[in-house]
Every structure is written in C-alpha cells, then in structure tokens.
Amino acid sequence: MKHKQIIVFLVIFWVVTLFLNASLAATVSPEEAAKLKTTLTPMGAEKAGNADGSIPAWTGGYTTVPAGFKAGDFRPDPFSAEKPLYSITGQNMDKYADKLIDCQKALLKKYPDYRIDVYPTHRTFAAPQFVYDNTFKNATRAKTIGTNGDNVEGAIGGTPFPIPKTGLEAMLNFFLAWRGKAFTTSFITYLVNPDGSKVMLSTCDEYSQYPYYLKEKPEDWNGMWREKIVIQTGPPYKAGESFCVHDNLNDFAQGFTTAWQYLPGQRRVRRAPSFSYDNPDFSTSGQTYMDECFMWSGPMDQYEWKLLGKKEMFVPYNCNKFYFQKCKDVLQKGHVNQDHLRWELHRVWLVEATLKPGKRNVVAKRLYYQDEDSWELLAYNGWDGHGQLYRSIINIPMLCMDIPTVYGWTQISTNMLTGAYVGWGMLNEQDVQYKEVPPKPSKWFGPENLATEGVR
C-alpha cells in the first residue's frame, strides 16, 4: 500500500511540474494579448505618444510607395523638407544627458564638431497584415526553450514575444524581426583610421532570406531564421571569396553558427569554424567581432540577459537621406558626418548583457537599445573588463515603405579607445539597395552551391 502511495505521489508531482513549467513558459495571458488590439500596436509597442507629444501616437506607420518606384531603387526621404528641431553639442549636452547614449556623450566630449541634430519623430514602422495576425497568435503560444532559454517554440511568421518579460525574449524578437521574406543587395565596407584616412575593406553582394516568414505553421519551422550567401566582389585580391551562413536557433542553443567558406585560391569549400563570439570578423579585417555583426549575431549563452525596461532616447531613425550620399562625404575623422544623419526621440527597450562567471569575451558588458516599434537594435555600447567604454555600434535605419518595414542595414562600429571605426555594409553608391526578390530553395544556400556562386 505504501509503495502505491509513493507511485501516486510521484505521478502527481510529475504532472504538477509539467503544469508549472508550461505555465512559466506561457509568458502572456489572453487578457494581456488582447492589448495588441487596443492600447498596444500589433507588434507590442505603446500605441499612444508620450506626455509632451514629442513622440506621436502610432497610427499605422508609413506605407506610401512613391510613383515609379522599382524594387532595388534607393528609397526617397519623405521628410526631406524638415529641419532639425534643435542640435545637441558638447556645450549643451548636459540638458539632454538623460536621453543620450553613452557613446554619444563620449563623442560629444571628444570631438568639438560632433553634434546630434534632432528632427521631429515619425513612427513609420509598418508590416503586412499576416505579420500582425501571426504576432497576435504568437503572444499566447510562443515560449522559450532550451538549456539557456535562447530558442523559440510555438511561433511563426511574426514577433514571437510582443509583450516581452525577459531580456532573452526581447533579443529573440530581434532575431525574428520583420525585414521582408527574401532580398539581395550590394554593399561596401570601409575602415576609417584615427587620423581620418580611409581603407576600403570589401565590396560584396548578398542574397538572404528568412525561412521563419516563409512557413505557415510553427511545426513546419526548424529553427532556421536566416540563410544567406555573401560573395566578395572586391578588392581584386579578395574577389570571388564567398561564404554561406545558416543562422539557426537550434545551433545557437548549442553554442555555434553553421557556416562554410569558399576561397578561390584553394578552389574548395570548407567549414568556417569561427563565426561566433568574439572571434575577429575577417570581413572587417578584424576591426569588429563576429558577435557584433548586425549588432548581435550568434549564440547567446555567454551572457546573462536582463530586460531593464523602456526609455525615451535619441536614436537614428528614418535615415533615408544618408544612403544618397557619397561614402567620402559621409565618413570623416572620428565619426560620421552629422549633416547626413537624422536623430529622433523614440521609446526603446534597454537590454543588458553581462558576461557569466567563467565565460570569456573581450566585451564584459553590453547594453542594447531596441526599437519598440520594429524590434530592431538601434544602438549598442560595450564595456571591457576594466569598465571602460570600448565598443559602440550605431545602426542607420531606413524607411522601406515598399516592403513595408524600418530596417537598418549599415552600421557604424567604433572602437571607443582608439577612435577608429568601420562603416559596415554601406549601401551608398551601390546599384541595388535591399531589393526584394522571390525566395529560393533552401538548398541554394548550401555549401554545394557556394563555389559556383563565388567563381570570378
């Protein structure tokens, strides 16, 4: 009898444990999710503006496609006639300190010619209706899984956690943000040395797609959220080098990124072993790290991720005019020419990443500024083990009214200790700017196709 009681107790304990785990994983109740159709935008942002009106209400975003626009064209700036409301300089920065990112404060103090021109805020982000519909469904069915909680189950085709409770959920929203289904683009990357001299590091063509937005049911998705092939077209000695990357949350949860590389001199495709963590990024000649690609890339297991809340900050936004400028006019000593950059006041989520005990990374602490409307990361600051501000990245988001979305492709990655910076992924002066294309079969992005695409 006693033996049977023990068995019954264990069964009850097992059932209760499963129930509690399921309850913990279901982060949003139906009542909370209902706010996505009332006080929140369909993506989870606050629909209302702020108290003084400097941040307006979201009213559906900007989706007006200019007459004659063709996929791949440079997208015009619908706010080109606007003038800055005010400029922040080293002399008046204390007045705005609470809304300034740490790297902005450092640049304002270091460079007398650096300034931040603040323009009227426009909440232009929009997405197709199917993304909104899926986001609403994901709110109550998505959950984090895996040893580190850095994988997603039960979500597809929309923001997985529109009402995030943890830093990992917010970062997973970034990985799975709406950027379109498939695209191609050309870009160029420069190093700007501390003395202002420029070195062209690479020119590339990229073909990418997002399988997460190509499936209809969560069970059809295998964790692959981005697959891409990048072909270097210059400088001449690097032309033909190419690599393909499979960004899969299942791989991230196990601590690696799957990638292959083709080198024309060897005429062979091989696994690329170092597409993760703080390994130097060869595409920037080691000036940036692999986990800084697209602000953050790869496994998240080295850090504790904490959601600090939401705050009003000056961030780059609606920067279409930036992409019409020549690279030589944009890139100057110490920082980007602020004549061509647009800053707006937006609410952003603050996500803090602190290195776990026993883990090794040259960046000991990171702070990300995440757009509440699009879930894109707009800025990042990183501190070294001595507590010095070491790294910063500013994203330069453009309004893609044709897709529609707001997406930052180009990044300005600065070594705050040396003053050198990299203008990564610059679309300026290129023939094709983030062009939507029909999706390709997944096998096209495999290593078998890499050598064929990379041949000079």
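About the thresholds
- Residues numbered from 1 in each chain as written.
- Predicted model: local features only at pLDDT ≥ 70, side-chain atom pairs only at ≥ 80, totals over all residues.
- Heavy atoms only, no water.
- Helix = DSSP H or I, 4+ residues; strand = E, 2+ residues; numbered from the N terminus.
- Rg over C-alpha atoms; globule rule 2.2 N^0.38 Å.
- Buried < 20%, exposed > 50% of the residue type's maximum accessible area, 1.4 Å probe, protein only.
- Contact = heavy atoms within 4.5 Å.
- Areas by Shrake-Rupley, 256 points an atom, 1.4 Å probe, with all protein chains shown as cover.
- Lys, Arg positive; Asp, Glu negative; His and termini not counted.
- Charge placed at Lys NZ, Arg CZ, Asp CG, Glu CD.
- Polar contact = N/O pair within 3.5 Å; in protein donor to acceptor, adjacent residues only side chain to side chain.
- Pairing = 2+ DSSP bridges.
- Phe/Tyr/Trp six-rings, centres within 6.5 Å; stacked < 30°, edge-to-face > 60°.
- Arc of directions from axis to C-beta.

### Side note on the overall build of the protein
Secondary structure summary: the protein contains eight helices and 20 strands in total. Rg of the C-alpha trace for the protein: 22 Å, near the compact-globule value of 23 Å for 456 residues, within the 12% margin. In terms of overall dimensions, the protein has C-alpha extents of about 85 × 60 × 50 Å along its principal axes. Taking all 456 residues of the protein together, the buried fraction comes to 58%. Considering only contacts within the protein whose residues lie at least 6 apart along the sequence, 65% involve residues at least 24 apart. Looking at the protein as shown, the accessible area adds up to about 19000 Å², and 55% of this sits on carbon and sulfur atoms. Mean positive and mean negative side-chain charge positions of the protein (50 and 48 charges, respectively) differ by 2 Å.

### With respect to the environment of N50
With respect to the helices, strands and loops of the structure, N50 is situated in the loop between α2 (30-33) and β1 (86-88). Separated by 187 residues in the primary sequence, N50 and Y237 have C-alpha atoms spaced 53 Å apart. In contact with N50, not counting residues within four places along its chain, are I55, E312, L345 and R347. Polar contacts involving the side chain of N50 include one to the side chain of D52, which spans 3.2 Å. Here S54 takes part through its side chain, which lies 2.8 Å from a polar atom of the side chain of N50.

### Some points on the side chain of N428
You can see N428 is positioned in the loop between β19 (421-426) and β20 (435-436). Given the relative accessible area of 0%, N428 is considered buried. There is a polar contact of 2.8 Å between the side chain of N428 and the backbone oxygen of F322. Only 3.0 Å separates the side chain of N428 from the backbone oxygen of Q325, close enough to count as a polar contact. Other than its neighbours up to four places away in sequence, N428 contacts I188, F322, Y323, Q325, C327 and V330.

### Structural notes on unusual backbone geometry
Look at the link from G234 to P235: it is a cis peptide, with omega at 0°. Relative to the elements of secondary structure, P235 occurs in the loop between β7 (224-234) and β8 (242-248). Here I403 and P404 are connected by a cis peptide whose omega angle stands at -15°. Within the element layout of this structure, P404 appears in the loop between β17 (389-400) and β18 (405-415). Phi is positive for Y277, which is not a glycine, with a value near 60°. Mapped onto the fold, Y277 is located in the loop between β10 (268-271) and β11 (303-316). Residue W375 is not a glycine yet carries a positive backbone phi of 70°. For W375, the location among the structural elements is in the loop between β15 (365-371) and β16 (377-383).

### Focus: the pairing of β8
Most of β8 is tucked away: seven of the seven residues are buried. With burial as the criterion, each face of β8 is covered, one bearing S242, C244, H246 and N248 and the other bearing F243, V245 and D247. Where β7 and β8 come together, seven bridges link them in antiparallel fashion. When the bridges of β8 are listed, V230 appears paired with F243. Here five bridges tie β8 to strand β9 (residues 258-263), and the two strands are oriented antiparallel to one another. Within β9, the position partnered with F243 by the bridge is Q261.

### Comments concerning the packing of aromatic side chains
Counted by the stated rule, this structure contains 36 aromatic pairs. An angle of 85° between the planes, with centres 5.3 Å apart, marks the rings of F322 and Y323 as edge-to-face. Note on F322: relative accessible area 0%, which makes it buried. Aromatic rings pair up to connect F183, F187, Y210, F294, Y407, W409, W424 and Y434 into one cluster.

### Some words on helix α3 (residues 102-110)
Helical geometry note: an α-helix holds 3.6 residues per turn, so side chains three or four residues apart project in the same direction. What α3 keeps buried is the set C103, Q104, L107 and L108. Buried positions in α3, seen along its axis, are confined to an arc of 135° and lie on one side of it. At its buried positions, α3 is contacted by β1, β2 (116-118), β11, β14 (343-355), β16 and β17.

Shape descriptors only; they carry no functional weight alone.
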